[in-house]
Amino acid sequence: MKYSRFEWLALSVGAVSAAAAVLSAFRNGLLIEELIAQSLLLVVLVGAVHWGRKGGTVTAVLAVVVYVALRFPLLLREGFSPDALGLVLIRMLTYGVVGIAGGALCGRVRYLLASLENASNLDECTQLFNERYVAGMVRSLVGEYERYRTTFSLVTLSLADSDHLSPASLRAVANQVRGDVRLVDDVARLDDGRFLLVLPHTGKAGAGIAAARVNAGVRRILRGPDDATRVEILGADEDLAAIRALCGAPEAPSVAEETQAAA
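Analysis parameters
Residues numbered from 1 in each chain as written. Predicted model: local features only at pLDDT ≥ 70, side-chain atom pairs only at ≥ 80, totals over all residues. Heavy atoms only, no water. Helix = DSSP H or I, 4+ residues; strand = E, 2+ residues; numbered from the N terminus. Buried < 20%, exposed > 50% of the residue type's maximum accessible area, 1.4 Å probe, protein only. Areas by Shrake-Rupley, 256 points an atom, 1.4 Å probe, with all protein chains shown as cover. Axes fitted to C-alpha atoms, helices over the stretch in contact; angles between N-to-C directions. Parallel < 35°, antiparallel > 145°, perpendicular 65-115°, else oblique. Left-handed = near helix turned anticlockwise from the far one by under 90°. Contact = heavy atoms within 4.5 Å. Nonpolar A, V, L, I, M, F, W, Y, C, P; charged D, E, K, R; others polar. Patch = residues over 30% accessible without salt bridge, like charges linked within 9 Å, V, L, I, M, F, W, Y side chains within 5 Å. Salt bridge = Lys/Arg side-chain N within 4 Å of Asp/Glu carboxyl O. 1 Å grid on protein atoms, 1.4 Å probe; cavity = no way out; pocket = protein on both sides within 12 Å on 5 of 7 lines; lining within 4 Å. Points joined across faces, edges and corners; volume = space filled by probe spheres on them. Pairing = 2+ DSSP bridges.

A.B. asks: Any details on the overall build of the chain? Residues and values, ideally.
C.D. replies: Summing up its helical and strand segments, the chain has 8 helices and 5 strands in all. Its helices and strands in sequence order give the chain the pattern α-α-α-β-α-β-α-β-β-α-β-α-α, from N to C terminus. Within the chain, the fraction of its 263 residues that count as buried is 41%. Carbon and sulfur atoms provide 62% of the accessible area of the chain, an area that totals close to 14,400 Å².

Here's what the structure looks like:
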């Protein structure tokens with residue numbers, strides 16, 4: 001199962017559950033605040049499933065702020081009574097579990113699904129995609145770009161002392177990188193030790209922003225100097241030849257070669 005199908009399934013189940021909860025609350029005559037609270041849970045689920053732990057955390061915090069604002073008149077009227085506080089705390093806990101814990105879980109599901117398909121798809125140490133598997137992804141993106149001009153970008157991250165890092169340190173770096181990108185992006189560890197970010201539907205400028213964020217996070221993990229990491233950004237619009245070389249894709253035939261072949 002691909003992650004896109006899992007995402008669609010999770011959001012479908014979440015939407016049906018939220019709709020059922022809202023309908024039940026409406027029939028039981030609950031206040032509009034509780035109806036909105038049920039709807040906010042779906043928003044948090046979308047953040048977790050589509051953007052991972054960070055997206056789930058942001059949407060969970062926003063949902064808590066909105067819910068507390070909705071319930072502020074109740075808190076003013078009844079004070080911090082056990083019932084009022086319990087109502088607010090339960091909602092905060094629910095949003096937090098779905099957003100933060102659910103987002104972290106979704107961040108790993110993508111790689112778990114690949115490992116279930118074939119255990120050799122993952123790098124043994126970091127549990128990210130390996131070079132063989134990600135090369136196929138990139139070749140598919142190159143084909144889509146040539147047919148439909150669907151842009152994408154790659155980011156490589158090199159660690160200066162990767163050969164001397166412990167497996168625990170490499171896994172910490174892998175988790176940091178995975179947590180700093182969207183779930184629609186893919187992360188792999190190449191055979192030479194570099195980390196590769198595959199960013200679909202992202203131009204080189206957008207990839208630069210993602211690369212800076214990831215690089216800063218990895219430097220915090222390593223606590224090394226500025227030259228402890230090195231980043232290279234490749235955009236399909238500008239660096240297609242370099243991308244082809246990276247993933248082992250054959251060069252596209254020139255117009256002259258195509259004309260000669262047709263003749």
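A.B. asks: Mind laying out the packing of helix α5 (residues 167–179) against helix α6 (residues 204–222), listing which residues take part and the relevant values?
C.D. replies: As a packed pair, α5 and α6 sit with axes 9 Å apart at the nearest point and diverge in direction by 150°. As summarised for this structure, α5 and α6 are arranged roughly antiparallel, according to the angle between their axes. For the crossing formed where α5 meets α6, the hand is right-handed. Mapping the contact onto sequence places A172, V173, Q176 and V177 in α5 and V214, G217, V218, R220, I221 and L222 in α6. In terms of residue class, the contact of α5 with α6 is made up of 7 nonpolar, 2 polar and 1 charged.

A.B. asks: Provide a residue-level description of a nonpolar patch on the surface, including the pertinent values.
C.D. replies: Together, W8, L9 and V13 line one region of the surface with nonpolar side chains, adding up to about 340 Å² of accessible area. Looking at the secondary structure, you find L9 in helix α1 (residues 3–27).

A.B. asks: Break down the layout of surface pockets for me, citing the residues and quoting the values.
C.D. replies: Take a probe with the size of a water molecule and roll it over the atoms, and the empty space left behind shows itself. What the second largest pocket holds in volume is close to 160 Å³. Of all the secondary-structure elements, those providing two or more residues to the lining of the second largest pocket are α2 (32–78), α3 (82–117) and α5. When the residues that make up the lining of the second largest pocket are grouped by side-chain class, the tally is 4 nonpolar, 5 polar and 4 charged.

A.B. asks: Tell me about the sheet that holds strand β2 (residues 152–159), and please be specific about residues and values.
C.D. replies: The 5 strands are arranged β1-β3-β4-β2-β5 in an open sheet whose pairing can be described as mixed. Single-partner strands in this sheet number two, and they are β1 (129–130) and β5 (229–235). Sheet analysis places strand β3 (residues 186–189) next to strand β4 (residues 195–200), joined by 4 bridges and oriented antiparallel. If you follow D186 over to β4, its bridge partner there is V198. Helix-sheet contacts for helix α7 (residues 240–247) involve β2, β4 and β5, and the interaxial angle to β5 is about 115°.

A.B. asks: Let's hear about unusual backbone geometry: which residues, and what values?
C.D. replies: Even without being a glycine, R149 presents a positive backbone phi close to 55°. Residue R149 is classed as exposed on the basis of its relative accessible area, which comes to 55%. For H201, which is not glycine, the phi dihedral falls at a positive 55°. Within the fold, H201 resides in the loop between β4 and α6. On the accessibility criterion, H201 (64% relative accessible area) is exposed.

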